[in-house]
Amino acid sequence: MSYPDRLTLAGERANPSAGGQMGEEEEEEIRYRLTLIGSLPVHHLTTMAMLPWVVAEIGRSQPGERELGGVAWDPLSHTVLFECRPHRVTKLIHNSQEPSSFGCLVRDTHHCACYVFQCRDCTKVSVISTTTTSAAPTTVVSPTAFAKKFEVLFCGRVSVAHKNAPPALIDECIEKFGQSHVSGVGGKGGSGGGLVGGLRRVLTFQSNESPPTGKRPILFKRDPSFPCLQALDENGLSPEISNAKTGDTNTHTSGVQPTSLQENRTMLFTVGRSQIFLVSPDTKKVAIEKSFREISFCSQGIRHVDHFGFICRETVEGGSCHFVCYVFQCTDESLVDEIMLTLKQAFSVAALQQSAKTQSQQCDSCPMQQLHRLCERIEGRKLSPGLLYSSGKSEKLISFPDFNKARPKNDQEENELVMASLRNLYEERQRSHQHTQPGDSKRVMQAHTHRCTHTLTHMGDSCLEAGRVCGSPVGGGGGVDVSLRVLPEERKRKSKEELRELWRKAILQQILLLRMEKENQKLQASESNLQNRRLKLDYEEITPCLKEVTLVWEKMLGTPGRAKIKFDTETIHAAVAQGVPRHHRGEIWKFLSEQYLLRQTVPSRPPANHAPYKELLKQLTSQQHAILIDLGRTFPTHPYFQAQLGAGQLSLYNLLKAYSLLDPEVGYCQGLSFIAGVLLLHMGEEDAFNMLKFLMYDMGLRKQYRPDMIILQIQMYQLSRLLHDYHRDLYSHLEQQEIGPSLYATPWFLTAFASHFPLGFVARVFDMLFLQGAEVIFKVALSLLGSHKPLILQHDSLESIVDFIKTTLPNLGLVQMEKTINQVCEMDVSKQLQAYEVEYHVLQDELLDTPTTLNQSQRAAQLERTNQSLRQQNLDLLEELQVSHARVCSLESQVEVLVQSEGRLREQASALEEEKRQLQSTVTHLHDILTSLGIHISLDAHPLTHTPPPDRHTVTAAAKVEGKEVAGNGTAATVPHPPACPEDS
């Protein structure tokens, strides 16, 4: 299936029973693998209340009976099973009983048919429904009508006994949730007994209770075990819920299901044209989807005014339905009031549109209108004779011949057959029906009331009799009853060994299937990640990175313990100037931030809120309206951020929301979404949050986003002074036209050129921003204006100059972009920027000191502004003082460490000197001993070497000459073992 151009379901020639498969791949299409269950032509006045019965009838039909548009499908002559434009799909229906199937009502000029499809992935059904609805254009209401979004906290759900409840219901539900959390039911250990322990299990509660795929309980029957309307307490809760004990987990499971406090419970509550969506920014999926028809009650808490909820109908196993109340929390009461007002307006507009569609086509006496009212009356209830009335002009009984062939096995199938026959009857009567005028409607209704005095009690009896014809005894000869039954086929019993072998084979196949399923999921996740990464990096690079430069980056990125190693600054600057590989850009930005922090001698002021990113996402933000409005304005043409509430927009919302909670002073400001968007295109959410925090706090960008925006005014003055110094003629030309930098350069500073310039150029600006700091924006602005100075001087009006700077200037060529980046690498304006900032403050002080002829109110306003400016300057100076004080403390600690190190070195030197004196004394003593023995050696001579011991005569002769040389030997006499030193020596 593909859209938005068309919806197509193509068949396989080789295996026609395989259902639907995609056709040829085309541009801008989304594909899903679907199986066509069947189709059925219906009347063009068919409503949503009739569709469940039509879908059930299609599901009962055999494959051989299925037709497409009244023509049997031949796989040899047809290659396309189904094809239509999205705007032809007027109604879509799917329920939780069969999460993988959905039906659609397709209207053409002359025909109307209902198609039923089945999707292999049940999670894609809601996506198909949403995308098909958004792809279909409408002439009545714009697609963005009532598409309002609010951030809420999903508290939980409670089963109630009826569709309406008193206002105290919300407060009662909150108390039940509190009791559940206190008893540990809603925590981590609350999964026992089937109770939903976390948000994920609450959201998948419907799918966990869905029956097998083969059953189609379209008719919702009242569960006899469910509490009746008469057995309610004063808050509208059933007695089983109200009297549930906290320790009784099984009793609590059936009604109260709070969400887990450990999970991210925040949701985006979206009110559409005819549906309510709850989108989870954490999982990037639609968690809850309810149409206006399913919602019967909305209310706000009385004591808990920041809470609200709604009651809707849901189905459970066996075809019965019950009512569930969903409870949510908002940031304050005003947001709840806005949500309730939006819901009221959406319900009213939807009702008016529905009535306007049907008013021109129907009258009160139309048979199809009567069938619609009948379907609404019996919805969620079992058919009984008291509910069905004969609508014909004659009072004869209605026969149902399908009972003889279908042989219904249970009440469900019997009800479906009854409704199928009634639908055919009413459609036949509608063809010959003549509409009445509005003035005649009262008279016609009175006459019709008199005619419809007989109920279908006899019809129910005839239905039962028709059922007995197929399976009941019939009269036979001799008074013997003959039962019509099918004899079961005799099957040969298998031996124990055969059964054991079959079990072993089934288990092995199941294990293999599970392994293959896991591997398939891993491959799909990997493919999805790669596709998502390619989608993010879908921009043109202006500086191609050579292979040698890529190897340099990979070597630096792969260095062990790189966060604590200072790399050579010139090497990093040269690598950034030569280019940054696009697929490593996010990791390189983190590397550059680490190097910046290592070289930063003065620590920056950390944020006051130290909560991690995951914890910030669990909270509600008061800046949600501003953030949600700017989601669609941030990179609207980029495919990653294009889908409304898609993965890109939800990730961007998470990032901006987390920072608004981290920095309450700044909160959210226009322009931050582009900074966060560029970071998200190159890294994950949490890494992007850390890099955003680095840019805002360590790089100092947060000052320009503060509510007073004084720093932004200083930046505009600094840019003006740079133009005056570097491009005097351009500065004079702009001043002559009274064009200040604030008219064109404000988005450059607030978005780092991301709002107007190509993404490849913006990525290079961010490369330099992480390398050199916030002054890069001044360099880029100065280089852009200087390189286009001749073209700007040709314009001689304010409008043409501003239009050229805003529209023509961003459309740079690749050569001009690369030239600009190269100029930025060579420029250094840090000293000028500091001097211009001091100059700005001096000029402001002089302006305040000049006498003015102002009245008292103007003077008071000026003093108030002056006071505010001084207060802000005082805060800035206080911040600088704190930074200086931190630097002094750091230096003092370093001095203390150095003093301690010096003391230890002095002690080591003294010890070495003492050891040296002892060694010198020992050497002198040994020299004296050797001298006393007649061995003369100088203190600076080499150590003596041992020689072989001489014979006894030699020793005697040596003793006589007392150390003189022996004439024949010519060698010095040595004593191999000198005598021991006397004790007194």
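Cut-off values and rules
Numbering of residues begins from 1 in every chain and follows the order in which that chain's sequence is written. The model is predicted, so local features are restricted to residues of pLDDT at least 70 and side-chain atom pairs to those at 80 or more, both for listing and for counting; the totals for chains, interfaces and linings are taken over all residues. Excluded from the side-chain calculations are hydrogens and water; all other atoms, namely the structure's heavy atoms, are used. UniProt positions are given in the numbering used here, feature names are shortened, and annotations may be inferred rather than shown by experiment. In predicted models, pLDDT denotes the confidence assigned by the predictor to each residue on a 0 to 100 scale. Runs of H or I in DSSP of at least four residues are treated as helices and runs of E of at least two as strands, each being numbered from the N terminus. The contact rule is simple, with two residues in contact once any of their heavy atoms fall within 4.5 Å. The buried label applies to any residue whose accessible area, calculated with a 1.4 Å probe on protein chains only, is under 20% of its type's maximum; exposed applies above 50%, and partly exposed to all values in between. Polar contacts, as used here, are pairs of N or O atoms within 3.5 Å; protein pairs need one atom able to donate a hydrogen and one able to accept it. Residues neighboring in sequence count only if both atoms are side-chain atoms. Think of a 1 Å grid over the protein atoms and nothing else: a 1.4 Å probe that fits but is trapped marks a cavity, an open set flanked by protein within 12 Å on at least five of seven lines marks a pocket, and residues with an atom within 4 Å of a point count as lining. Grid points are joined across faces, edges and corners, and a volume is the space filled by probe spheres set on the points. The pairing test for Phe, Tyr and Trp rings, Trp by its six-membered ring, is centres within 6.5 Å, and the orientation test on the planes gives stacked under 30 degrees, edge-to-face over 60, and tilted for anything in between. Cation placement over rings: the criterion is NZ of Lys or CZ of Arg within 6 Å of the ring centroid and within 35° of the ring normal. Note on terminology: pairs of cysteine sulfur atoms within 2.5 Å are recorded as disulfides. Think of it this way: DSSP has to see at least two bridges between two strands before they count as a pair. By definition, no residue in a patch forms a salt bridge, and every one has over 30% relative accessible area; like charges are joined within 9 Å, nonpolar side chains (Val, Leu, Ile, Met, Phe, Trp, Tyr) within 5 Å. All accessibility values rest on the Shrake-Rupley procedure with a 1.4 Å probe; residue burial counts only the protein chains present in the view. A side-chain nitrogen of Lys or Arg and a carboxyl oxygen of Asp or Glu constitute a salt bridge if their distance falls within 4 Å. Fitted lines through C-alpha atoms give the axes, limited to the stretch in contact for helices. The angle between two N-to-C directions lies from 0 to 180 degrees. For any pair of crossing helices, the crossing counts as left-handed if the nearer helix is rotated counterclockwise from the farther one by less than a right angle, and right-handed if it is rotated clockwise.

Naming follows an unreviewed UniProt entry, where the chain appears as TBC1 domain family member 1 of Myripristis murdjan. Of the comments in the UniProt record for the chain, the one headed Subcellular location (unreviewed entry) reads "Nucleus". Within the UniProt record for the chain, the comment given under Function (unreviewed entry) is "May act as a GTPase-activating protein for Rab family protein(s). May play a role in the cell cycle and differentiation of various tissues. Involved in the trafficking and translocation of GLUT4-containing vesicles and insulin-stimulated glucose uptake into cells."

Scored by pLDDT, the chain comes out at a mean of 75, with 70% of its residues at no less than 70. The lowest-confidence element of the chain is strand 2 (residues 20–21), averaging 37 in pLDDT; the highest-confidence one is helix 22 (residues 672–680), averaging 96. Overall, residues 1–6 carries pLDDT values under 50, and its contacts beyond four positions in sequence, including any with other chains, amount to 32 contacts.

This part is about the side chain of D767. Along the polypeptide, D767 turns up in helix 27 (residues 759–772). Taking relative accessible area as the criterion, D767 reaches 0% and is therefore assigned buried. Within the structure, D767 has its side chain in polar contact with the side chain of R585 (distance 2.9 Å). Setting aside anything within four residues of it in sequence, one finds D767 in contact with V576, V580, R585, W589 and L592.

A volume near 1,600 Å³ is recorded for the second largest pocket. Sorting the residues of the lining of the second largest pocket by element identifies helix 17 (585–599), helix 23 (685–698), helix 24 (710–726), helix 28 (775–787), helix 32 (830–849) and helix 33 (856–932) as the ones contributing at least two each. Top element by residues in the lining of the second largest pocket is helix 33. It accounts for eight residues.

All right, on to the packing of aromatic side chains then. Within this structure, the stated rule accounts for 29 aromatic pairs. Between F749 and F778, the aromatic rings sit 5.0 Å apart at their centres with planes inclined by 70°, giving edge-to-face as the arrangement. One end of the pair, F749, is in helix 26 (residues 746–751); the other, F778, is in helix 28, and 29 residues separate them in sequence. For F749, a relative accessible area of 1% translates into the label buried. An aromatic cluster is defined as three or more aromatic residues linked by ring pairs; in this entry it consists of F154, F269, F308, F310, Y326 and F328. Over the aromatic face of Y539 sits the side chain of R582, whose NZ or CZ is 5.3 Å from the ring centroid.

Turning next to the state of the cysteines. Under the definition given, this model contains zero disulfides. You can see C312 has no disulfide; the closest cysteine sulfur is in C325, sitting 8.6 Å from it. With a relative accessible area of 0%, C312 lands in the buried category. For the unlinked cysteine C330, the closest cysteine sulfur is that of C155, found at 9.0 Å.

Buried residues dominate strand 7 (residues 112–119), accounting for seven of its eight residues. Where strand 3 (residues 34–41) and strand 7 come together, seven bridges link them in antiparallel fashion. Looking across to strand 7, one finds that L36 is bridged to F117. Both strand 6 (residues 101–107) and strand 7 contribute to a ladder of seven bridges, which runs antiparallel. From the neighbouring strand, S101 faces strand 7, where its bridge partner is Q118.

Our focus in this paragraph is a nonpolar patch on the surface. Side chains of L499, L502, W503, I507, L508 and I511 sit close together on the surface and give an oily, nonpolar patch of about 610 Å² of accessible area. For L508, the position within the fold is in helix 14 (residues 496–536).

With that out of the way, let us pick up the packing of helix 17 against helix 23. Each packed pair of helices is defined by two parameters, the angle between the axes and the distance between the axes. Interaxial distance between helix 17 and helix 23 falls to 11 Å at its minimum, and their mutual angle equals 35°. When the axes of helix 17 and helix 23 are compared, the crossing they make is left-handed. Packed against helix 17, whose contacting residues are W589, K590, S593, Y596 and L597, the element helix 23 presents D687, M691, F694 and D698 at the interface.

Right, let's get into the environment of L784. Structurally, L784 can be placed in helix 28. Taking relative accessible area as the criterion, L784 reaches 0% and is therefore assigned buried. Counting along the chain gives 35 residues from L784 to K819, while the straight-line C-alpha distance between them is 9.8 Å. Once residues lying within four places of it in the same chain are set aside, the contact partners of L784 are F753, F757, F761, L809, L812 and T820.

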